[in-house]
Amino acid sequence: MRAARTILESEPLPLADRPLPPAHPFDYDSVLEDGDTLHEECGVFGVVGVADAANFVALGLHALQHRGQEAGGIVTHDDELGFNSARRFGYVRDNFTSSAVMETLPGPIGIGHVRYSTAGSKGPTQIRDVQPFFGEFSMGGAAIAHNGNITNADALRRELIERGSIFQSSSDSECIIHLMARSLQRDIPARMEDALRRVEGAFSVVAMTRTKLIGVRDPLGVRPLVLGKLGDGWVLSSETCALDIIGADYVREVEPGEMVVITSDGGVESVRPFRPQPSRFCIFEHVYFSRPDSIIGGRSVYETRRQIGVELAREAPVEADLVCPVPDSGTPAAIGYAHESGIPYGMGIIRNQYVGRTFIEPTEQIRNMGVRLKLNVNRALIRGKRVILVDDSVVRGTTSRKIKEMILDAGAAEVHFRIASPPTAWPCFYGVDTPKREKLLAATMSEEEMRQHLGVDSLRFVSLDGLYRAVGEAKGRNTSCPQYCDACFSGEYPVEPADMIEKGFRLKAAE
């Protein structure tokens, strides 16, 4: 078995010469540069049993671009040319639409990954941290793409290095490859089972050998993974929206703690490598991370977000003239709020669809423009109105303050914030890049203190029970055994973040 042939960018530029990372189409970081948002984790996609698998992988990654804009990669296998890999910084559309690149990725099986760093190098600094990762084993090569975060990665890394492993990246995901290499099992799926039993945290993994496509979810099912059918072939994806783009049929979710092994002849085997546990899917996938046209647990993400707005209107009514979303993530909730409250809905803020990469040198003057590079107020609609602004979350509050100022500058009589998630008071250690706890507004202020800090007439968040009702739990949150992972709101971590505790992080005191 020949080693994977990898097509890489040129050597990294000096820091001062590197281009800015691409802007998230729904976030404001690229123009604010203050980290006032929660970044998605990553997106994974794989396909087997189709001609030119790389083209389908590229399309799938394009549909998952919202989950990671920093970098992406594709690995394929061809019987004659073996494993081939291409990894790039930036958008899928800028890298994997070139025929020159796609011709280097032949074969009927392939996997891909879009990345926003939650572990490993931050920003476009090291191509070696870009997934999928490839390893050559005695029974053949294998590549893996991982969405999530390994909470005991530091301990595993130290152990593996002491036993002779040589790491090529700073990513936690590489631990899985090294654990597989050290396993004594006789085939790659069994080695992956062996490796993942050592791993703690959250993971949805898509992997491939020469002839098999493998998908695995952690025992709690924190991160998403779905199975689809494409003609005679099969597809694994982080979200259903990526099945739609290639015309694949949704089959089912890969269940928490399940490993699915799909062979090139179309056979599908399901195994359960882990001890069964109650599911704790990430509830923030419903609030923000997943695309609104995706389906999670049989529920439309769009409909769930609209229902959050309904719950908000019931819990936090206010007299006003207009309900406005903060584009785009606040839109479905704003529609639900307007419908339930009877207050007219209006596009009081218009998003510039073409910001993308910062188009001029980000001088201090440009940075001071803040969200105005991305958002503009519809002054004719706003002037003289009592406005309810609906957004998905408040992290550090700097973006919210700037948007409030824009609304008041446009002549609004009052500004009321309604937030389609509970206060974000705790960092996520399961694959979401969040600020340190002391940087989270809700960790240091009460709701009234946050209202005063933001300078708005009122501020209300949907309750945790209201959020649970919106996702289909009619009785709200089960406090003794929560149905979802909501650690960013509650501080109750379903998997102990061992590495962070070792670094001094203090868990919430038992009540």
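This one's a predicted model, so the numbers in the text were calculated from it and none came from an experiment. Chains are numbered independently. Their residues run from 1 in the order of the written sequence. In view of the model being predicted, local features appear only for residues whose pLDDT reaches at least 70, and side-chain atom pairs are presented and counted only at 80 or more, with totals across whole chains, interfaces and linings using the full set of residues. The side-chain numbers reported here are obtained from all heavy atoms of the structure, hydrogens and water having been left aside.

**Considerations on the overall build of the protein chain**
Along its length, the protein chain carries 19 helices and 24 strands. Contacts were defined at the residue level, with two residues in contact if any of their heavy atoms lie within 4.5 Å. The contacts of the protein chain with a sequence gap of at least 6 include a subset with a gap of at least 24, amounting to 69%. All accessible-area figures derive from a Shrake-Rupley calculation using a 1.4 Å probe, and residue coverage is judged against the displayed protein chains alone. Within the structure as shown, the protein chain displays about 20,400 Å² of accessible surface, and the carbon and sulfur contribution to it stands at 49%. A run of H or I in DSSP counts as a helix once it spans at least four residues, and a run of E counts as a strand once it spans at least two, with each numbered from the N terminus.

**Comments concerning the sheet that holds strand β21 (residues 386–391)**
Read from one edge to the other, the open sheet built from 4 strands follows the order β18-β21-β22-β23, with strand pairing classed as parallel. Each edge of the open sheet carries a strand with a single partner, namely β18 (322–325) and β23 (458–461). Across the sheet, the axes of successive neighbouring strands diverge by a mean angle of 20°, strand direction being ignored. Relative to strand β22 (residues 414–419), β21 is paired through 6 bridges, and the arrangement is parallel. Paired with valine 387 across the bridge in β22 is valine 415. Fitted lines through C-alpha atoms serve as axes, helices being fitted only where they are in contact, and the angles separating the N-to-C directions of these axes extend from 0 to 180 degrees. The strands touched by helix α11 (residues 331–341) within the sheet are β18, β21 and β22, with β18 carrying the most contacts at an inclination of about 165°. In this scheme, strands are said to pair when DSSP sees at least two bridges between them.

**Some details on the side chain of glutamine 69**
Residue placement: glutamine 69 occurs in the loop between α2 (53–63) and β3 (71–78). A relative accessible area of 4% means that glutamine 69 is categorised as buried. For this analysis, a polar contact is any N or O atom pair within 3.5 Å, provided that within protein one partner can donate a hydrogen and the other can accept it, and provided that sequence-adjacent residues contribute only side-chain to side-chain pairs. For glutamine 69, the side chain forms a polar contact with the main-chain oxygen of glutamine 65, separated by 2.4 Å. At a separation of 3.1 Å, a polar atom in the side chain of glutamine 69 contacts the main-chain carbonyl oxygen of histidine 66. Under the scheme applied here, a residue whose accessible area is under 20% of the maximum for its type counts as buried, over 50% as exposed, and between as partly exposed, the area being computed with a 1.4 Å probe on protein chains only.

**Some details on helix α10 (residues 301–315)**
Every helix has an expected span of 1.5 Å times one less than the residues it contains. Between its first and last C-alpha atoms α10 spans 21 Å; for 15 residues at 1.5 Å apiece the expected length is 21 Å, and the two agree. Of all 15 residues in α10, 11 are buried, a share of seventy percent or more. Among the residues of α10, Val301, Thr304, Arg305, Arg306, Gln307, Ile308, Gly309, Val310, Glu311, Leu312 and Ala313 are the ones counted as buried. Where α10 begins, the capping side chain belongs to serine 300, and its oxygen is found 3.3 Å from the backbone nitrogen of tyrosine 302.

**Focus on the sheet that holds strand β7 (residues 140–150)**
Spatially, β6-β7-β8-β9-β13-β14 is the arrangement adopted by the 6 strands of the open sheet, whose pairing is antiparallel. Every other strand in the sheet has two partners, leaving β6 (133–137) and β14 (268–271) as the edge strands with one partner each. Across the sheet, the mean angle separating the axes of adjacent strands is 20° when strand polarity is ignored. Here β7 pairs with strand β8 (residues 201–208) via 8 bridges, running antiparallel. Bridging across to β8, asparagine 147 finds its partner in serine 204. Helix α6 (residues 174–182) rests against β6, β7 and β8 of the sheet, and its axis sits at about 10° to β6.

**Observations regarding unusual backbone geometry**
Negative phi is the rule for most residues except glycine; trans is the rule for most peptide bonds. At the junction of glutamine 131 and proline 132, the peptide bond is cis and its omega measures out at 5° in the coordinates. Looking at the secondary structure, you find proline 132 in the loop between β5 (109–115) and β6. Residue aspartate 328 is bonded to the preceding proline 327 through a cis peptide linkage, with omega at -10°. Within the fold, aspartate 328 resides in the loop between β18 and α11. Of note, the phi angle at aspartate 52 is positive, near 55°, even though the residue is not glycine. Topologically, aspartate 52 is positioned in the loop between β2 (42–48) and α2. Judged by its relative accessible area of 49%, aspartate 52 falls in the partly exposed class.

**Things to note about the pairing of β22**
Taken across its 6 residues, β22 has 5 buried, putting it largely inside the fold. In the classification by handedness, the crossover that spans β21, the intervening helix α14 (residues 398–409) and the parallel β22 is right-handed. Of the strand pairs in this sheet, β22 and β23 are connected by 4 bridges, and their pairing is parallel. Bridging from a neighbouring strand, isoleucine 419 pairs with phenylalanine 461 of β23. Looking down the strands as they point away from the viewer, one classifies a crossover as right-handed if the path from the first strand across the helix to the second runs clockwise.

**Comments concerning the side chain of threonine 240**
Structurally, the position occupied by threonine 240 is in the loop between β11 (233–237) and α8 (241–246). In terms of polar contacts, threonine 240 uses its side chain to reach the backbone amide nitrogen of isoleucine 295, at 2.8 Å. Those residues within four positions of threonine 240 in sequence are excluded, and the remaining contacts are Val226, Tyr250, Asp293, Ser294 and Ile295.

**Comments concerning the packing of aromatic side chains**
Centres within 6.5 Å are what make two rings of Phe, Tyr or Trp a pair, Trp counting through its six-membered ring; a difference in plane orientation under 30 degrees is then read as stacked, over 60 as edge-to-face, and the rest as tilted. Summed over the entire model, instances satisfying the criterion amount to 13 aromatic pairs. Taken together, a centroid distance of 5.6 Å and an interplanar angle of 65° make the contact between tyrosine 288 and phenylalanine 289 edge-to-face. With relative accessibility at 5%, the residue tyrosine 288 sits in the buried group. According to the relative accessible area criterion, phenylalanine 289 is buried, its value standing at 2%. Aromatic pair tryptophan 426 and tyrosine 493: ring centres 6.5 Å apart, planes at 80°, arrangement edge-to-face. Taken together, the residues span a long stretch of sequence, with tryptophan 426 in the loop between β22 and α15 (441–444) and tyrosine 493 in the loop between α18 (487–490) and α19 (498–502) at a distance of 67 residues.

**Comments concerning the confidence of the model for the protein chain**
Here the protein chain averages 88 in pLDDT, and 86% of its residues register 70 or above. Predictor confidence is given residue by residue as pLDDT, running from a minimum of 0 to a maximum of 100. Counted against residues more than four places away or in other chains, residues 5–34, with its pLDDT under 50, gives 85 contacts. Between residues 356–362, whose pLDDT stays under 50, and residues either more than four places distant or in other chains, the model counts 13 contacts.

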